[in-house]
Amino acid sequence: MQRMTGRRMRTAGIAVALTMAVATGCSGGGGGTAAGDGNLRIAVWTASEDHLALLNDIGESFKARHPEVKSITFESLDPVDYTTALSTQLASGHSPDLGWILETNAADFIEADTLVDMGPAMKAEKGYEADDLEPALLSQWKRGDKVYAYPFSSSPFAVFYNADALNKAKADDPAELAAGGKWTWDALAEAAKKVTDAKSARYGLLVHDFDYKNWDRLFPVMNAYGATPWTDKDACGFTSPQMTEAIDHFRRMAFDDRSTPAPGQQADFFSGESAMFIAQVSKAGPLADVKWKWDAAPLPTGPGGGDQVIGQAGLGVFAQSKNLDLAKEFYLHATNKENSAKLGQFFPPPRTSLLNAETLDKSNPLLSKDQLQKIIVDSLKAGKVRPGHTQYAKINERTRAALDAAWKPDADTGRVMASVCDSIKPLLGSGS
C-alpha cells in the first residue's frame, strides 16, 4: 500500500475528526456551556487586514451591547488546511464558539451534528428579518426548517481581465461579447490563445487556486458544459460525455494552446502575467492597486447553458461552544441586516433587500454599478452553488489522485474519467 503523506493524510482525516467530535459530545441541539467565560473565539480563514478590521468592528459593536463579553477573537487558520484544522479542534475538545465553513464541506458538518440549529432564533429575533434571505442561497445550509449556518458570503465566480493585454493582442473584449450574447468558452479560449501568441501577457487565462490538485476550481467550465461531479441521486457524473468535453477543453488550452499554465507552472494575474482570471468576486480586492485597465465579465456560457457559479461560506455556531448563549447572540448580531450590508463590501450577502446594485454600491467602491448588477446581482439570482457532499474530503482526495492522469498531453480522458468514478463510487451515497 502506498504511504499517505502531508496534505493527503490531513484531508483524509477530516471525516474521522468530525466523527470524533460527535463522540466527544457534540449535538445539534447545543452541548456547550450556556454561561461560559465571556471570551468568544471565531474561526476564520482570512488574514486580510481589511477583512479583520471589518470583523473586529462588528465585534466591538457587539461588545458595546453585551458588557459580559470579555473578548472576541477572530482566529485566522491556514486557508490551505482550514477544514482539517477546524475539524481537529472540534475533535480535541478545543472548539471555537463560531466558525466559517466552506459550502463543499457543509454536509459533513451538518450530518456530524457539530452545528446548532439557528432557525428558531433567526425567526424570533426582533428586526432580524429571516424572510429576507434568498431561499436558493440558504438551501445548502438547511435540513427541513433547520438552519445550521448563515451563508454570509455568496460570491459569484467571474472573469476579471486586463483590458490592455487583450487589446494589445487584438482579442475581443469579454464584457462586450457578454452583452451581445457571444461570450462562450470557445470565445474565451480564442482570446486566451491570441494573448499567448502575441505575448501581451505570459498566459491568457488563470483559474484562481487551480494547480492541478484543486480540481473543483474547474467547476465553472464543467457547469458550462452541463457536467456535474455527481448527481443528487449520488450517481457519479465524471463518465458523462459532457464532463469529458469540459476537461478536454481545458486540456487543449494547457497543452495545445499553452494559454493557461500546465502542471508545475505558475503565474500571478495581479502582476500582469495573465490577461484573464477566473475567481470569486471576493478575491478581486488587489485590482484596486493594479496599473493597467481592467474590467470584469460573467462566466462564459457553454453547450450546457449559461448558469453562473457561486461559491459560499457559512457562519455557524458550534454545539461545543463554551459560550453557547453568547455565541448564538453574536451569530444574530453579525448576520443581521445592518452587518450583512457592511460585510457586503467583501462578501456578497444572501439577503434579497441587499441584492441590488444601488445598495451594494455603497460598500463596494471597486466595482461599478453596472459590474455589480451583471457580476453579482444577476449571478446570485440565477446561479448554482458549488456542489458539496458528505465525506467531501475523501471524495476530493480520491478524485484528485485519479485525475492526475488527465493532466498529460497524450491522456485518454474517457479512460481517466472512468477511473475517477471507480474510485469515488464507494463513497457516493454511503453516508458514512
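Residues numbered from 1 in each chain as written. Predicted model: local features only at pLDDT ≥ 70, side-chain atom pairs only at ≥ 80, totals over all residues. Heavy atoms only, no water.

Participant: What am I meant to see in the packing of aromatic side chains here?
Facilitator: Two numbers describe a pair of aromatic rings. These are the distance of the centres and the angle of the planes. The full count for this structure, using the stated rule, is 20 aromatic pairs. Here the aromatic rings of Phe269 and Phe277 are separated by 5.0 Å at their centres, their planes lie at 10°, and the arrangement is stacked. There is no split in this pair, since Phe269 and Phe277 are both buried. Connected via pairs of aromatic rings, a cluster forms that spans Trp45, Tyr82, Trp100, Phe152, Phe346 and Phe347. Positioned over the ring face of Tyr128 is Arg351, at 4.9 Å from the centre of the ring. (Phe/Tyr/Trp six-rings, centres within 6.5 Å; stacked < 30°, edge-to-face > 60°. Buried < 20%, exposed > 50% of the residue type's maximum accessible area, 1.4 Å probe, protein only. Lys NZ or Arg CZ within 6 Å of the ring centre and 35° of its normal.)

Participant: Hey, could you run me through unusual backbone geometry in this one?
Facilitator: What you tend to see is this: most non-glycine residues have negative phi, and most peptide bonds are trans. The backbone phi angle of Glu129 is positive, close to 60°, even though this residue is not glycine. Topologically, Glu129 is positioned in the loop between helix H6 (119-124) and helix H7 (135-138). (Helix = DSSP H or I, 4+ residues; strand = E, 2+ residues; numbered from the N terminus.)

Participant: Help me understand the pattern of salt bridges, please; the structure alone is not making it clear to me.
Facilitator: Opposite charge on two side chains permits pairing when their charged atoms draw close. Tallied over the full model, the rule gives 20 salt bridges. Between Asp216 and Arg386 there is a salt bridge, with its nearest N and O atoms 3.8 Å apart. With a gap of 170 residues between them, Asp216 in the loop between strand S7 (203-207) and helix H11 (219-224) and Arg386 in the loop between strand S11 (383-385) and helix H17 (392-403) connect regions that are remote in the sequence. Given a relative accessible area of 10%, Asp216 falls into the buried group. A salt bridge links Arg400 to Glu397, with the shortest nitrogen-to-oxygen separation between them at 3.0 Å. Taken together, the residues Arg400 and Glu397, both in helix H17 and three residues apart, mark about one turn of the helix. In this structure, Arg400 and Glu397 share a single accessibility class: buried. Among the charged side chains, a network of salt bridges with common partners joins Glu103, Asp209, Asp216, Arg217 and Arg386. (Salt bridge = Lys/Arg side-chain N within 4 Å of Asp/Glu carboxyl O.)

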